[in-house]
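What the coordinates show
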Amino acid sequence: MSEVAAPTSAIQSTWQVDRFVVVTALVGFALLGGLIWLETAPFMVVLFAIGTVLGIALYHGAFGFTAGWRNLVVHKRGAGMRAQLLLFGVTSIVMVPLLYSGQPGLIGAVAPVGTSLVVGSFMFGLGMQLGGGCGSGTLFTVGAGNLRMIITLVFFIIGTVLGSINLPWWLDQPGFDPVPLVASFGVTGAIVLQLVGLLLIARWVSRIERKAHGQVASDELLWKQKGQGFWRTLVTGRWPFTWAILILAAGNILTLAIGGAPWSITFAFNVWGAKALQAIGVDMGQFEFWQWEYPAMALKDSLLTNIPSVMNFGLLLGAMLAAGLANRFNESSRNKLQGRPFLAAVVGGLLLGYGARLGFGCNIGALFSGIGSASLHAWIWFACAFGGSYIGIRLRPWFRLPN
């Protein structure tokens, strides 16, 4: 998700609302929701609404992979990383049995393991730190009015299209077919194995923090914001991680149950970019990726019938609504974007997009949903993306980005 700070407890005593932003978000939700209802089916409207709630949770929860990983590397603080691990564990406990319950039409986030995955996830992790966010983080910060992240998003989209053109070549490189852990360990065994893996990583994270600071901070998991009531924190404040974990886990599980596949982000970027090129006369059907069944169908059909796109639209509007209600829209865009920070947004966006396509998704589609599907590729993605992120953190000072 993103490095951009979400609302903190330093809220003005008088609750102020950016009415223009709030009204714009609500009108956008009503109009787009109506179009989805007319063009598709009621379940797509539900997924649109789920995307909106996820956008609100991402904004208020400050649930950032980008900042969480950097805080561990630079400041030796692991609260963000532990929250992510808890999210993965909670989700897999519910999602893995659901996927293998025998209910027809459910497809997990599983992908091949090979050169494409390793290179793509490493590139994505590097791009996270230079671009300023991951897939969901880029979206919710754009929705909240961050101008720098618009640059990242544009080049993110360009990168995904380039990646789609090159993906068939990468898939011809050494690798092997998807490895669902359930096939070898059963449903219970796969869940236990993943929980043990997550616990071991959590212990490693806590050891790093304890060694650096003498103790492990745990107060961000629970609501301890003094001087604010529940409703004030809910609408304008920084949420405790627990709130975000529950909403994000429920959102992914509901997306699987209603849409037939787990939550994903970046395939929509692929479709947006390809459709834009089609509109100016480029025949995307000449490329092998866009001849495959699902991409070809997505390219042909309306964006309003594409689940990742519909949920992304909801996510953007949800973050916009949350920022408006908190009177913090465009708060992170006060400094001019030029020189090396601008270059970082461009390079980071390209790496994010290209890496997401080669790595079969971002922190949501490949990592979060991948672990929720008990797929081996998600664990390899995790390790390689963290390695790329580590390099990106070391490069940030050159790009005049703060650590």
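From a predicted model like this one, the values you see are computed outputs, not experimental measurements.

So, about the overall build of the protein. Broken down by element type, the protein carries 16 helices and two strands. A globule of 403 residues ought to have a C-alpha radius of gyration of about 22 Å, and the protein, at 20 Å, matches this closely. Principal-axis analysis of the C-alpha atoms gives the protein an extent of 55 × 45 × 45 Å. Burial status across the protein gives 53% buried among its 403 residues.

So, about the packing of aromatic side chains. Scanning all chains against the criterion turns up 20 aromatic pairs. Centroid distance Phe 88 to Phe 382: 6.1 Å. Interplanar angle 90 degrees. Geometry classified as edge-to-face. Placement of the pair is Phe 88 in helix α4 (residues 79-99) and Phe 382 in helix α16 (residues 376-395), with a sequence separation of 294 residues. The pair Phe 88 / Phe 382 is uniform in exposure class, with both members buried. Where Trp 272 meets Phe 313, the ring centres are 5.4 Å apart and the plane angle is 5 degrees; that geometry is what we call stacked. One end of the pair, Trp 272, is in helix α11 (residues 266-279); the other, Phe 313, is in helix α13 (residues 307-325), and 41 residues separate them in sequence. In this structure, Trp 272 and Phe 313 share a single accessibility class: buried. Chaining the aromatic ring pairs together yields one cluster made of Phe 65, Trp 69, Phe 88, Trp 204, Trp 263, Phe 368, Phe 382 and Phe 386. Sitting over the ring of Trp 398, Arg 340 keeps its end group 4.2 Å from the ring centre.

With that settled, the discussion passes to the environment of Ala 41. Looking at the secondary structure, you find Ala 41 in the loop between α1 (19-39) and α2 (42-61). Distance in space between the C-alpha atoms of Ala 41 and Thr 305 is 8.8 Å, their sequence separation being 264 residues.

One pass over the full model with this rule turns up two salt bridges. Salt-bridge contacts for Glu 209 lead to Arg 77; the nearest nitrogen and oxygen are separated by 3.0 Å. One end of the pair, Glu 209, is in helix α8 (residues 181-213); the other, Arg 77, is in the loop between α3 (65-75) and α4, and 132 residues separate them in sequence. Glu 209 is paired through a salt bridge with Arg 82; the nearest N and O atoms lie 2.9 Å apart. On the criterion of sequence distance, the pair formed by Glu 209 in helix α8 and Arg 82 in helix α4 is long-range, its members being 127 residues apart.

Detailed conclusions should not be drawn from predicted coordinates in areas where pLDDT is low. Overall, the prediction assigns the protein a mean pLDDT of 91, with 91% of residues at 70 or greater. Overall, residues 4-12 carries pLDDT values under 50, and its contacts beyond four positions in sequence, including any with other chains, amount to 22 contacts.

This brings us to unusual backbone geometry. Even without a glycine there, the phi angle at Lys 76 is positive, about 60 degrees. Relative to the assigned elements, Lys 76 resides in the loop between α3 and α4. You will see that Ala 374, though not glycine, has its phi angle at about 55 degrees, which is positive. For Ala 374, the location among the structural elements is in the loop between α15 (363-372) and α16. Overall, Ala 374 belongs to the buried group, its relative accessible area being 0%.

Attention shifts here to the packing of α2 against helix α10 (residues 241-259). With their axes 9 Å apart at the nearest point, α2 and α10 run at an angle of 160 degrees to one another. Looking at the two axes, α2 sits roughly antiparallel to α10. Remark: the crossing between α2 and α10 carries left-handed chirality. Contacts between α2 and α10 involve Phe 43, Val 46, Leu 47, Ile 50, Val 53, Leu 54, Ala 57, Leu 58 and Gly 61 from the former and Phe 241, Ala 244, Ile 247, Leu 248, Gly 251, Leu 254, Thr 255, Ile 258 and Gly 259 from the latter. Looking at side-chain class alone, the contact of α2 with α10 contains 14 nonpolar, four polar and no charged residues.

Counting residues in hydrophobic clusters, the biggest one holds 81 residues, and the most contacted among them are Trp 69, Phe 88, Phe 124 and Trp 263. The element contributing the most residues to this core is α2, with nine residues. If near-sequence neighbours (up to four positions away) are discounted, Phe 124 is found in contact with Cys 134, Gly 135, Phe 156, Leu 351, Leu 352, Gly 355, Ala 356, Cys 362, Asn 363 and Trp 381.

So, about the side chain of Thr 160. Positionally, Thr 160 belongs in helix α7 (residues 147-171). A distance of 2.6 Å separates a polar side-chain atom of Thr 160 from the backbone oxygen of Ile 157. Apart from the residues within four sequence positions on either side, Thr 160 is in contact with Thr 266, Phe 269, Asn 270, Gly 353, Tyr 354 and Arg 357.

What counts and how
- Residues numbered from 1 in each chain as written.
- Predicted model: local features only at pLDDT ≥ 70, side-chain atom pairs only at ≥ 80, totals over all residues.
- Heavy atoms only, no water.
- Helix = DSSP H or I, 4+ residues; strand = E, 2+ residues; numbered from the N terminus.
- Rg over C-alpha atoms; globule rule 2.2 N^0.38 Å.
- Buried < 20%, exposed > 50% of the residue type's maximum accessible area, 1.4 Å probe, protein only.
- Phe/Tyr/Trp six-rings, centres within 6.5 Å; stacked < 30°, edge-to-face > 60°.
- Lys NZ or Arg CZ within 6 Å of the ring centre and 35° of its normal.
- Salt bridge = Lys/Arg side-chain N within 4 Å of Asp/Glu carboxyl O.
- pLDDT = per-residue confidence, 0-100.
- Contact = heavy atoms within 4.5 Å.
- Axes fitted to C-alpha atoms, helices over the stretch in contact; angles between N-to-C directions.
- Parallel < 35°, antiparallel > 145°, perpendicular 65-115°, else oblique.
- Left-handed = near helix turned anticlockwise from the far one by under 90°.
- Nonpolar A, V, L, I, M, F, W, Y, C, P; charged D, E, K, R; others polar.
- Core = buried A, V, L, I, M, F, W, Y, C linked by side-chain atoms within 4.5 Å.
- Polar contact = N/O pair within 3.5 Å; in protein donor to acceptor, adjacent residues only side chain to side chain.

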